[in-house]
Structure formats: structure tokens, C-alpha cells
Amino acid sequence: MSKQQVIIIGSGMGGLSCGVILAKNGYDITVLEQGHQIGGCLQCFTRRGARFETGMHFIGSAAEGQTLDRILQYLEVKKDIQLSPLDKDGYDVVCLDGKRYRFANGRQQFIEQMCIDFPHQRKQLNLYFDLIEKVSSASTLHTLRYAESDTAINTEYQLRSINEVIDNVITDPLLAKVLVGSLPLYAAEIDKTPFSTHAFIMDFFNQSAYRIVGGSDKIAQSMSRTIEKYGGHVIANSKVTKIICDETHATGVEVNGNNILPCDYVISDAHPQRTLELIDSKLIRPAFRNRIHSIPQTIGGFSVYLDFKDNIVPYQNYNFYGYNYGTPWDCDKYDESSWPKGYLYMHFCQEEKPRFAKTGVILSYMNMKDVEMWKGTKIGHRGKDYEAFKKHKAELLLDSVEQQFPGLRSSIKHYYTSTPLTYYDYTGTEGGSMYGIAHDIHLGVACRVPHRTKIPNVLQTGQNINSHGILGVSVGTIVTCSELLTAEHIHKQIIEANKI
């Protein structure tokens with residue numbers, strides 16, 4: 001009996017992890033990547049010998065036996081990567097009005113660290129962590145406990161905003177701001193983003209936090225090798241230009257405008273809007289297309305990639321969130337005079353236990369409308385005005401970071417920049433958004449994208465299905481692959497893979 005053929009569009013974390021799971025289970029897998037480099041947000045790049053991370057700057061819950069560790073073992077990635085722990089006493093540092101606050105790993109350690117500055121909030125911090133644990137443990141997928149869930153808890157905290165829940169528990173307004181200091185990790189919006197999103201992210205990194213030595217593209221390369229080990233293929237420079245359908249289902253895909261590949265299933269790791277653009281079928285109703293096109297996206301980002309002079313900048317094994325207006329909220333609402341309202345500054349871990357940083361990155365919010373006039377141009381060929389725009393923004397961002405890290409400018413050999421346009425061209429995410437579709441408590445299920453489409457053998461995966469980030473995407477992968485294998489089967493395989 002011949003294997004069923006599955007074509008996966010896109011080689012991000014979602015596409016590759018689907019490929020690994022299905023290839024391990026006897027499917028004939030072909031992953032098609034439009035770019036020359038696989039990985040999506042797992043890509044790294046090199047300029048003048050300096051190496052930079054583009055998306056997966058650090059990960060959580062990767063200590064022995066924790067959720068992501070178990071998934072990486074199942075995906076056969078764990079053996080191929082080396083992790084460098086961030087500072088357990090302060091893996092994240094949040095700076096408000098010039099004062100720094102540290103996030104420590106572990107519930108009790110986190111509370112003790114916060115109580116140095118907020119001793120009167122011990123009871124409130126315990127209540128806050130009760131909620132974090134209650135919400136995150138209610139998700140069977142995030143805990144990998146098959147068939148144990150509390151739907152009521154999940155629903156409640158998907159419909160209550162982060163600030164509403166935190167303000168209800170934390171009585172010190174400053175502490176309430178500190179606790180959301182890492183919100184650039186999920187581009188949260190005040191009164192909109194559900195508390196469940198905050199709870200999952202906080203729990204994920206509170207358990208443990210690491211950088212991937214040498215870059216996250218090692219994860220992509222590992223999964224690609226695993227797919228090929230099981231007889232599959234991962235092919236770059238192969239842009240899917242059409243999903244071919246008959247009256248009832250998809251029959252194959254068109255590649256690079258001419259080559260037709262037949263298949264039994266199609267799984268798209270592309271942004272849902274990009275996926276719909278590939279489908280010309282009456283099975284997809286106009287109302288569904290309109291709904292997907294009307295869903296709001298998270299904001300885009302502006303990045304400055306720093307190439308440091310040799311042996312000058314001490315390596316920082318923490319992430320630094322700086323805010324210029326006393327709050328992490330509303331940094332996406334800026335004008336020419338107020339940008340940047342905040343930023344995230346991190347170093348790249350090029351080797352085990354580095355003494356000095358070789359490269360780093362500064363990230364800040366940027367709306368696509370700021371670079372709309374250059375849409376349709378190609379990377380490297382957008383013109384002098386675009387280059388001048390990026391240089392001006394980079395200098396403003398460097399000025400801001402220099403205030404907290406004096407001497408940073410004089411430590412830089414070269415820097416490089418990217419905008420939402422760059423992100424759009426490399427990942428295809430709508431509006432160049434950092435994390436794809438935005439969750440909004442006011443829209444509820446209307447802003448959720450199903451992993452199943454109305455075409456029975458076309459499925460979706462990636463950061464827009466369930467949630468973003470390496471764990472959110474992995475969880476979405478399990479949901480997608482469950483259509484072919486069942487969730488119970490995958491959970492049993494994860495347990496088997498982690499037996500010592």
C-alpha cells in the first residue's frame with residue numbers, strides 16, 4: 001500500500017514540526033519553502049561574518065521534563081541543539097522610569113524578587129501566580145495532559161483582558177505595570193488581549209528560560225534532517241502559487257507557476273490570508289474570506305542588528321525591556337515625536353558560556369503604514385529614501401538604549417536594520433505583523449482561525465492556529481496533525497519518546 005502524500009506549504013516551526021510528526025507516522029511528506037532558506041522565524045543570517053537571530057531569540061519550559069523539552073525530544077530536535085540558560089535570578093529585566101525590576105525563574109523566586117521592591121504586595125503576588133498556574137494548567141495541550149481540561153477556566157480568561165484581571169488582583173499600580181513588562185513578546189494591547197495569553201507566556205518562561213547556542217536555525221535544520229530520514233523532502237525556492245481543487249477537495253499544488261504536484265493532503269504554514277489567496281474554490285465561501293481578511297493583526301517591528309567590536313561588550317544572559325514613558329502599555333500608539341516608546345534589547349549566544357557578546361538586537365514596534373510607500377519594492381532595492389528612513393529610526397532607537405547602556409554606540413562596528421516590510425517579504429505575515437493574528441476579547445472566536453478549512457483535506461498550522469511562539473506553534477501542530485492521527489495517538493508517542 002502506497003503512502004499518503006502530504007504537501008506542506010512553508011517551512012516555519014509549524015510546517016516542519018507537522019512534517020516530522022507525519023513522516024514518523026508513515027506519511028510521504030514534501031515541505032515546500034518559497035525562500036532560499038528554510039525556517040521561517042527560525043531563520044538566522046550572517047553579515048560580514050557576524051551572525052544574527054531573526055525571530056526565536058529565546059525559549060522557555062525547556063529544562064529536563066518540562067513541556068517544551070518533551071516536545072523537542074519527540075520531534076528529535078533535542079539531541080541537535082545546545083541550550084544556554086538565562087539568569088535564573090533575572091531572565092527578564094524590565095526598566096520603568098530608570099529603575100530595573102527582575103523576573104526570576106520559579107514561582108517563589110519570582111515573588112521574593114518582586115517583594116524586594118514591593119514588600120506590601122506578597123499576598124497579591126501569590127494570588128496572581130495562583131491565576132497564572134490555574135489558567136496555564138487548564139490547557140491540556142500546554143501541559144501535554146491528554147483529555148484533562150477545564151473549559152470554563154479557559155473560556156473565562158480568554159474573554160477577560162490582561163489589565164482587567166491584573167488590576168483586580170494587584171493593588172499597586174506600578175507593580176501592575178512591571179508584571180506586563182514583557183508584553184512585546186506577544187504584542188499585547190490594553191483592554192483587548194486576553195489574560196490567558198499573558199498567563200501562558202508567563203508560565204512558559206517562569207519555568208525556565210534559555211537561548212539556543214549558535215541560533216534557532218539549528219532547530220529548523222534538525223527537523224529537516226529528520227523529515228528526510230523518514231523518507232520525506234524539504235525543498236527551498238519552491239513557491240506554491242496555487243492549491244488545486246476539484247468540486248469536493250484539493251488534488252495538488254502548483255509550484256512556481258508551472259509545476260503540478262499531486263497529493264492527498266495539503267497543510268499550509270502560511271498566514272491564513274496568504275493561504276486563501278492560493279485557493280480558487282466555491283468550497284471557501286466569501287463570508288469566510290471576509291472574516292479572515294477583517295481579523296486584526298499584531299503590530300509589526302523595527303529591528304536594529306548590532307555587530308559589536310571584539311571583546312568589549314560583556315554578554316548579557318537576560319533580556320532587557322526599556323520603556324520611555326513609564327508604562328509598557330500603548331507603545332504601539334506613537335507619533336514621530338514619541339517613537340520609540342519602548343524596546344527590547346538582547347544578545348545572541350554564539351557559544352557556550354560566552355564572556356563577551358559578538359552580536360545583539362534591539363526591537364521596537366512599528367506600524368506597516370510607516371513604510372507603506374515602499375510596499376511592492378524588493379529587499380535591497382527600496383531606494384535611498386527608505387535607507388534614510390531606516391537610518392533615522394535606528395539612530396533614535398540607539399539614542400534610547402544608550403541612556404540605559406552608556407557606551408553602547410562606541411562598542412558597535414556595524415549595524416543593520418529591518419522593518420515590517422522585511423518581515424512581510426520573508427514570512428508573508430499580513431501587514432508585516434510580528435505575531436500574526438491578534439487575539440481580542442471583544443471579538444472572541446471571531447478572531448480565531450480554524451486548523452480545518454471547508455476543503456476537507458486542506459489544513460492550517462503555524463502561529464495563527466492556537467497561538468504564536470515555539471510552544472504555541474507546537475501545540476497548534478498537535479491539533480493539526482490530530483486530524484490525521486488523533487490527539488491521543490500523538491500524546492502517547494510523546495510519552496514514549498520521553499521514556500528513559
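Summarised in this report is the structure supplied together with it. This one's a predicted model, so the numbers in the text were calculated from it and none came from an experiment.

What counts and what doesn't
- Residues numbered from 1 in each chain as written.
- Predicted model: local features only at pLDDT ≥ 70, side-chain atom pairs only at ≥ 80, totals over all residues.
- Heavy atoms only, no water.
- Helix = DSSP H or I, 4+ residues; strand = E, 2+ residues; numbered from the N terminus.
- Buried < 20%, exposed > 50% of the residue type's maximum accessible area, 1.4 Å probe, protein only.
- Areas by Shrake-Rupley, 256 points an atom, 1.4 Å probe, with all protein chains shown as cover.
- Lys, Arg positive; Asp, Glu negative; His and termini not counted.
- Charge placed at Lys NZ, Arg CZ, Asp CG, Glu CD.
- Pairing = 2+ DSSP bridges.
- Axes fitted to C-alpha atoms, helices over the stretch in contact; angles between N-to-C directions.
- Contact = heavy atoms within 4.5 Å.
- Salt bridge = Lys/Arg side-chain N within 4 Å of Asp/Glu carboxyl O.
- Phe/Tyr/Trp six-rings, centres within 6.5 Å; stacked < 30°, edge-to-face > 60°.
- Lys NZ or Arg CZ within 6 Å of the ring centre and 35° of its normal.
- Core = buried A, V, L, I, M, F, W, Y, C linked by side-chain atoms within 4.5 Å.

Our focus in this paragraph is the overall build of the protein chain. Check the secondary structure of the protein chain and you find 16 helices and 20 strands. Referenced to the eigenvectors of the C-alpha coordinate spread, the extents of the protein chain come out at roughly 65 × 55 × 45 Å. When burial is assessed residue by residue, the protein chain has 60% of its 500 residues classed as buried. In the structure as shown, the protein chain presents an accessible area of about 20700 Å², 51% of it carried by carbon and sulfur atoms. Separation between the mean location of the 52 positive side-chain charges and that of the 54 negative ones in the protein chain comes to 2 Å.

Moving on to the sheet that holds strand β10 (residues 233-235). Strand order in this open sheet of five strands is β10-β2-β1-β14-β20, and the pairing throughout is parallel. What marks the edges here is a single partner per strand, and that holds for β10 and β20 (458-460). When strand polarity is set aside, the average angle formed by the axes of neighbouring strands in this sheet is 20°. Where strand β1 (residues 5-9) lies against strand β14 (residues 265-268), four bridges are found, and the strand directions are parallel. Looking at β14, one finds that I8 is bridged to I267. Of the strands in this sheet, β2 (28-32) and β10 touch helix α10 (residues 217-229), which is tilted by about 135° from β10. Contacts between helix α15 (residues 469-485) and the sheet are confined to β1, β14 and β20, with β20 contributing the most and set at about 155° to the helix.

A separate point is the pattern of salt bridges. When the charged atoms of two side chains lie near each other, side chains of opposite charge can form a pair. Going through the model one piece at a time under the given rule, you end up with 28 salt bridges. Between K99 and D117 there is a salt bridge, and its shortest N-O distance comes to 3.1 Å. With K99 in strand β8 (residues 99-103) and D117 in helix α3 (residues 107-117), this pair connects stretches of sequence that are 18 residues apart. Using a relative accessible area of 28% as the deciding quantity, one classes D117 as partly exposed. Ionic pairing is found between E156 and R160, a salt bridge with its closest N-O pair at 3.0 Å. Here the salt bridges do not stand alone but share partners, grouping K391, E395, D399 and R409 into one network.

Next up on the list: the packing of aromatic side chains. Following the criterion strictly, the structure yields 18 aromatic pairs and no others. Taking 5.7 Å as the distance between ring centres and 25° as the angle between the ring planes, the aromatic pair formed by Y101 and F118 counts as stacked. Placement of Y101 in strand β8 and of F118 in the loop between α3 and α4 (122-137) is noted, with a sequence separation of 17 residues between them. A relative accessible area of 3% places F118 in the buried class. Here the aromatic rings of F302 and W339 are separated by 5.8 Å at their centres, their planes lie at 80°, and the arrangement is edge-to-face. With F302 in strand β15 (residues 300-308) and W339 in the loop between β16 (319-323) and β17 (342-347), the pair connects residues that are 37 residues apart, well separated along the chain. As far as burial versus exposure is concerned, F302 and W339 are alike and both buried. Clustering of aromatic rings is evident, with ring pairs tying together Y91, F103, F110, Y128 and F129. A cation sits over an aromatic face here: R100 above F405, 5.0 Å from the ring centre.

Another point: the sheet that holds strand β5 (residues 59-60). Pairing in this open sheet of three strands is antiparallel, and the strands run β5-β9-β6 from one edge to the other. Looking at strand neighbours, the two that pair on one side only are β5 and β6 (83-85), the edges of this open sheet. Sheet topology places β5 next to strand β9 (residues 209-212); two bridges connect them, and they run antiparallel. Note that in β9 the partner of I59 across the bridge is Y210.

A few words now on the nonpolar core. Within the largest apolar cluster, 103 residues are counted, with the highest numbers of intra-cluster contacts made by L22, I29, L75, Y128, F195, I219 and M223. With eight residues, the single largest contributor to this core is α15. Counting 32 residues, the second-largest nonpolar core is a separate cluster that includes L306, Y345, M368 and A394.

All buried positions along α3 are accounted for by F110, I111, Q113, M114 and C115. Looking at the buried side of α3, the elements it contacts are β8, α4, α8 (173-179) and α9 (195-207).

Another point: the pairing of strand β18 (residues 359-366). Most of β18 is tucked away, with eight of its eight residues classed as buried. With eight bridges joining them, β15 and β18 adopt antiparallel strand pairing. Bridge assignment links F302 to a residue of β18, and that residue is S364. Pairing between β17 and β18: four bridges, direction antiparallel. Following the sheet pairing, M346 is matched in β18 by V361.

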